[in-house]
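# Residue-level structural notes
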Amino acid sequence: MTSGTTAPPPPANLRRIVAASLIGTTIEWYDFFLYGSAAALVFNKLFFPDSDPLVGTLLSFLTYAVGFAARPLGALVFGHFGDRLGRKKLLVLSLLLMGGATFAIGLLPTHATIGSAAPVLLTALRLVQGFALGGEWGGAVLLVSEHGDARRRGFWASWPQTGAPAGQLLATGVLSLLTAVLSDSAFGTWGWRIPFLLSGVLVIVGLWIRLSVDESPVFKQALAQAETRKATHATDAEKLPLVSVLRHHWRDVLVAMGARMAENISYYVITAFILVYATTSAGVSKQTALNAVLIASAVHFAVIPAWGALSDRIGRRPVYLLGAIGVGLWMFPFFSLIDTGGFGNMVLAVTVGLVLHGAMYAPQAAFFSEMFATRMRYSGASIGAQFASVAAGAPAPLIATALLADYDSSTPIALYVVAASVLTVIAIGAAKETRHRDLADIEASAHAKPSASRAADAHIV
């Protein structure tokens, strides 16, 4: 049985663990977002050249969405083995898969060279990216959450979340630099490959750092307890993590999925679809749009730890609700500012949108971690987060582009984000506050009364 409170690790160890998670997630999100930006800028011409420009963009975003479709499978597989074998091993594997797929995209022949096989291969590599990312997020945030203590978990666990804007910043920065120094012809011919090939170098750095950290002490303690139970109750077979999640935590999975609706949809409308809307409807150059996302991503990176720290003070739910309501209300001013065509207005629109998004994204890591018991936490957090991405982030740029094509107006797109915000407000409203939960206590409660599952549920749901 665990003690009532888990002792926090020395600050130096915790900072090293945070750095390992942050650098790894930055690389993984760099790879994932690089594809999204390239899909908006060049993939429609390189892999779908026979289509109308807007139709080509839709097809390009369709391959982009395929990556999200693979994320739930990654969540299931990585969650299962992460709960059985540990967080660290699976994080190393996810980094290798993501980096390898991204590097391979940089070597991929285009439609002009191999015809219809090009988009097929592109789609296959995108599936690998999605599979890897589906397993990455849960492991990275849990490694930090399970090393820290409840008092500052929101702050420390928010740092792996900054890997998303850091990856966006890095991907957009590299693309912005290349589009600035290369002609459109050179960028479309060979320049677009450089950011994808750069992933190979980044993966080597990420692996070196990730291999240097220790496994989560909470997980090791839970694993030892499971081995003891197995030895003393030889007839009791340990249930699969997925089965345990669906039995004890199905409400939490639904809450996590609902919580991600506004967060996921708003993010991809603000950062990916904006590259299409600004260049086609607002008449802004792609360089200007990229620079606006670049500046806003830097601010996004800075505010996430602040939102995480605030969630330690006032709770996960109030901060999350602030972000969900705020981003829904901001969508109409967001598009109005972009329609002016001014660079300053575009930076303001994207920056405010991402700051409000950060209020949801920052507490998410600690919030989801605190919902689940240790031996099903990787599965539970990953399933809740990644299954939602299929309905939220995956089709978001696709739906937004289709709405723009059908209505030639931003109003339906804004209403689409508002609807997502309403779903998230409902989900968070139904959730319980978790900021004071000790992760070891959750594990203890889950096994305190194995013969009375309802009593256990009262502790861990």
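Residues numbered from 1 in each chain as written. Predicted model: local features only at pLDDT ≥ 70, side-chain atom pairs only at ≥ 80, totals over all residues. Heavy atoms only, no water.

### Remarks on the overall build of the protein chain
Stated formally: By the criteria applied, helices consist of DSSP H or I runs no shorter than four residues and strands consist of E runs no shorter than two, each listed in order from the N terminus. The buried label goes to any residue with under 20% of its type's maximum accessible area, the exposed label to any with over 50%, and the partly exposed label to all in between, with areas taken from a 1.4 Å probe on protein chains only. Only heavy atoms enter the contact rule, under which two residues are in contact if any of them lie within 4.5 Å. Note on areas: Shrake-Rupley, 1.4 Å probe, and residue coverage restricted to the protein chains presented here.
Summing up its helical and strand segments, the protein chain has 20 helices and zero strands in all. Taking all 461 residues of the protein chain together, the buried fraction comes to 60%. Sequence-distant contacts in the protein chain: of pairs separated by 6 or more residues, those separated by 24 or more amount to 87%. In the structure as shown, the protein chain presents an accessible area of about 16,500 Å², 69% of it carried by carbon and sulfur atoms.

### Some words on unusual backbone geometry
Positive phi is not limited to glycine here, since D408 has a value of about 50 degrees. Examined against the element boundaries, D408 turns out to sit in the loop between α17 (396-407) and α18 (411-430).

### What to know about the nonpolar core
As a reminder, the rule being used: Only buried residues count toward a nonpolar core. Its members are Ala, Val, Leu, Ile, Met, Phe, Trp, Tyr and Cys residues joined through side-chain atoms within 4.5 Å.
The biggest cluster of nonpolar side chains holds 136 residues, and the ones touching the most others in it are F43 and F334. Ranked by residues supplied to this core, first place goes to helix α1 (residues 11-47) with 19 residues. If we ignore the near neighbours within four places in the chain, the residues touching F43 are Y35, A38, F48, S60, I105, L122, W192 and F196.

### Comments concerning the confidence of the model for the protein chain
We count it as follows: How sure the predictor is of each residue is captured by pLDDT, a score from 0 to 100.
Confidence along the protein chain averages 82 in pLDDT terms, with 86% of residues attaining 70 or more. Between residues 1-6, whose pLDDT stays under 50, and residues either more than four places distant or in other chains, the model counts 16 contacts. Within the model, the stretch residues 444-461 combines pLDDT values under 50 with 25 contacts to residues more than four positions away or in other chains.

### Looking at helix α5 (residues 117-145)
Structurally, the α-helix is built with 3.6 residues per turn, so residues lying three or four positions apart point the same way. The line we're drawing: Helix span, as expected, comes to 1.5 Å for every residue beyond the first. To get the bend at a residue, fit one axis to the 7 residues ending there and another to the 7 starting there, then take the angle between the axes.
With 29 residues, α5 extends 43 Å from end C-alpha to end C-alpha; this agrees with the ideal 42 Å at 1.5 Å per step. Taken as a whole, α5 carries its principal kink of about 25 degrees at E136. With 22 of its 29 residues buried, α5 lies for the most part within the structure.

### A look at the environment of S158
Among the structural elements, S158 can be located in helix α6 (residues 153-161). The exposure class of S158 is buried, given its relative accessible area of 0%. Linking S158 and A306, residues 148 residues apart in sequence, is a C-alpha distance of 8.8 Å. The contacts of S158, once residues within four sequence positions are left out, are R153, I304, P305, G308 and A362.

### A few points about helix α12 (residues 250-280)
Its 31 residues place the ends of α12 43 Å apart at the C-alpha level, agreeing with the 45 Å of an ideal helix rising 1.5 Å per residue. Taken as a whole, α12 carries its principal kink of about 55 degrees at F273. Across the 31 residues that make up α12, a large majority, 25, are buried.

### Focus on the packing of helix α14 (residues 316-339) against helix α15 (residues 343-369)
Rules: Between N-to-C directions, angles span 0 to 180 degrees; the directions come from axes that are lines fitted to C-alpha atoms, helices contributing only their stretch in contact. Should an angle lie under 35 degrees it is considered roughly parallel, over 145 roughly antiparallel, and from 65 to 115 roughly perpendicular; all remaining angles are considered oblique. Whether a crossing is left-handed or right-handed is set by the direction in which the near helix is turned from the far one by less than a right angle, anticlockwise for left-handed and clockwise for right-handed. When residue character is reported, Ala, Val, Leu, Ile, Met, Phe, Trp, Tyr, Cys and Pro are called nonpolar, Asp, Glu, Lys and Arg charged, and the others, Gly included, polar.
One way to put it is that α14 packs onto α15 with a least axis distance of 8 Å and a crossing angle of 160 degrees. What the angle tells us is that α14 and α15 run roughly antiparallel. Helix-helix and strand crossings are classified by hand; for α14 and α15 the assignment is left-handed. Grouping the constituent residues of the contact of α14 with α15 by class yields 19 nonpolar, five polar and two charged.

### Digging into the environment of A324
Looking at the element boundaries, A324 is found in helix α14. Between the C-alpha atom of A324 and that of L356, which follows or precedes it by 32 residues, the distance is 7.6 Å. In contact with A324, other than residues within four places in its own chain, are M360, S421, T424 and V425.

### Re the pattern of salt bridges
Basically, it comes down to this: The salt bridge definition used is simple: a Lys or Arg side-chain nitrogen within 4 Å of an Asp or Glu carboxyl oxygen.
All told, the structure shown has four salt bridges when counted by the stated rule. E370 is the salt-bridge partner of R153, the closest N and O atoms lying 2.9 Å from each other. Within this pair, whereas R153 is found in helix α6, its partner E370 is found in the loop between α15 and α16 (374-391), the two being separated by 217 residues in sequence. Considered together, R153 and E370 belong to a single accessibility category, that of buried residues. We note a salt bridge from D312 to R316, for which the minimum N-O separation is 2.8 Å. Like R316, D312 is buried. One network of salt bridges, with partners in common, ties together R153, D312, R316 and E370.

### Quick notes on a nonpolar patch on the surface
Here is the rule we go by: Residues form patches when they are more than 30% accessible in relative terms and have no salt bridge. Like charges link within 9 Å. Nonpolar side chains (Val, Leu, Ile, Met, Phe, Trp, Tyr) link within 5 Å.
Nonpolar side chains collect at one region of the surface, where L73, L76, V77, F81, L85, L242, L246 and F387 lie side by side and expose about 650 Å² of accessible area between them. The set of elements that each furnish at least two residues to the nonpolar patch consists of α2 (53-85) and α11 (241-248). Ranked by residue count, the leading element in the nonpolar patch is α2, at five residues. Inspection of the secondary structure assignment puts F387 in helix α16. You can call F387 partly exposed: its relative accessible area is 33%.

### Points about the environment of G429
Note on placement: G429 falls in helix α18. Accessibility expressed as a relative area gives 47% for G429, which makes it partly exposed. As for G429 and A259, which are separated by 170 residues in sequence, their C-alpha atoms are 9.7 Å apart.

### A word on the packing of aromatic side chains
Stated precisely, the cut-off is as follows: Side-chain rings of Phe, Tyr and Trp (the six-membered ring for Trp) are treated as a pair once their centres are within 6.5 Å; stacked means planes under 30 degrees apart, edge-to-face means over 60, and tilted covers the remaining angles.
Under the definition given, this model contains 16 aromatic pairs. Aromatic pair F47 and W192: ring centres 6.2 Å apart, planes at 80 degrees, arrangement edge-to-face. Placement of the pair is F47 in helix α1 and W192 in the loop between α8 (184-191) and α9 (193-210), with a sequence separation of 145 residues. Judged by relative accessible area, W192 falls into the buried class, the value being 1%. With a centroid separation of 5.1 Å and an interplanar angle of 70 degrees, the aromatic rings of Y277 and F335 are classed as edge-to-face. Of the two residues, Y277 is situated in helix α12 and F335 in helix α14; the sequence distance between them amounts to 58 residues. Here the aromatic residues Y35, F43, F47, W192 and F196 are joined through ring pairs into a cluster of three or more.

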